[in-house]
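Given next are the chains, with one letter for each unit.
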Amino acid sequence: MSEVLAHANIYTEEDYYNLPENVRAELIDGQIYYMSAPSRIHQEILMFLSKTIANYIDSKKFPCKVYPAPFAVKLFSADDRNVVEPDISVICDPNKLTNRGCTGAPDWIVEIVSPSNSSHDYIRKLNLYSDAGVREYWIVNPMNRSVYVYFLEEDKFRTTAYTLQDKIKANIYNDLWIDFTELDL
C-alpha cells in the first residue's frame with residue numbers, strides 16, 4: 001500500500017506581495033508567517049535604536065541607511081521563497097535598495113523579540129541571516145532583558161550576550177556604542 005503525503009503550500013515572493021496591505025507577514029522557506037501588532041515596549045526599543053543608529057550614521061556621513069519595519073528584505077536575489085521584515089535593517093550598499101525594499105543581505109539587522117515569535121528570531125532567522133551573509137545580527141528580548149549580538153566572522157556568527165543594562169558596541173562600526181540604560185524601561 002502506498003501512502004499519499006499531504007504537501008504544504010509553498011509560497012513565493014509574488015504571494016507575499018499579493019497579501020492585503022494591512023497584513024504583516026514574512027515569507028521564510030516558502031512558508032508565510034503572520035505577525036501580530038508590536039507592543040508599546042517593542043516600539044520604544046525600535047524607536048530608540050533606530051534613532052540612535054541613524055543619528056550616528058548621519059553624524060559620520062556614512063552612506064548607510066536605517067529602515068525600521070515594515071520594510072521588505074529579500075535576502076537572496078535568486079530566491080523567491082524568502083522575504084523578511086526585520087525590526088531594523090541597516091543597509092550600506094545603495095545598490096541593494098529597490099522600490100520594494102532591499103535585495104541582498106543588510107549589513108546589520110536588529111530583531112526585537114515578541115512572546116509569539118521568539119523561536120522564529122533565535123532559530124529560523126538566525127540561520128537565514130547567517131546563510132545570507134548579514135554581518136551583524138542583534139536579538140533584543142525585552143521579556144528577559146537580554147541582547148544577543150551575533151557578528152559574522154568568516155562564515156559563522158560569533159555570539160556575545162548582554163543585558164538591557166549594558167553599553168554595547170556595534171561591531172560593524174569603530175565607535176558606535178549603544179547604552180541601553182538610556183532606554184529607561
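Everything discussed here concerns the structure shown above.
Remember, it's a predicted structure, so these values are computed and weren't measured experimentally. (Residues numbered from 1 in each chain as written. Predicted model: local features only at pLDDT ≥ 70, side-chain atom pairs only at ≥ 80, totals over all residues. Heavy atoms only, no water.)

Draft legend 1. Seen up close, the sheet that holds strand β10 (residues 146-153). On the basis of which strands lie adjacent, the open sheet formed by 6 strands has the order β3-β5-β8-β9-β10-β11 and mixed pairing. A single partner strand is all that each edge strand has here, and the edge strands are β3 (65-68) and β11 (156-163). Sheet twist, expressed as the average angle between the axes of neighbouring strands with direction ignored, equals 15°. Lying on the sheet, helix α3 (residues 118-132) is in contact with β8 (108-112), β9 (136-141), β10 and β11; it crosses β9 at an angle near 170°. (Pairing = 2+ DSSP bridges. Helix = DSSP H or I, 4+ residues; strand = E, 2+ residues; numbered from the N terminus. Axes fitted to C-alpha atoms, helices over the stretch in contact; angles between N-to-C directions. Contact = heavy atoms within 4.5 Å.)

Draft legend 2. Focus on the side chain of Asn-82. Here Asn-82 shows up in the loop between β4 (72-74) and β5 (88-91). What makes Asn-82 buried here is its relative accessible area of 2%. Among the polar contacts made by the side chain of Asn-82, one reaches the main-chain amide nitrogen of Asp-29 at a distance of 2.7 Å. Separated by 2.6 Å, the side chains of Asn-82 and Asp-79 make a polar contact. In this view, Asn-82 contacts Leu-27, Ile-28, Asp-29, Val-73, Lys-74, Leu-75 and Leu-128; residues no more than four positions away in its chain are not counted. (Buried < 20%, exposed > 50% of the residue type's maximum accessible area, 1.4 Å probe, protein only. Polar contact = N/O pair within 3.5 Å; in protein donor to acceptor, adjacent residues only side chain to side chain.)

Draft legend 3. Highlighting the packing of aromatic side chains. Applying the stated rule across the entire model yields 13 aromatic pairs. When the ring of Tyr-137 is compared with that of Tyr-150, the centres are 5.8 Å apart and the planes differ by 25°; the resulting orientation is stacked. Of the two residues, Tyr-137 is situated in strand β9 and Tyr-150 in strand β10; the sequence distance between them amounts to 13 residues. Taking 6.3 Å as the distance between ring centres and 35° as the angle between the ring planes, the aromatic pair formed by Trp-138 and Phe-180 counts as tilted. With Trp-138 in strand β9 and Phe-180 in the segment after β13 (177-179), this residue pair connects regions lying 42 residues apart in the sequence. Classification of Trp-138 as buried rests on a relative accessible area of 0%. The side chain of Arg-100 reaches across the aromatic face of Tyr-17, ending 3.8 Å from its centre. (Phe/Tyr/Trp six-rings, centres within 6.5 Å; stacked < 30°, edge-to-face > 60°. Lys NZ or Arg CZ within 6 Å of the ring centre and 35° of its normal.)

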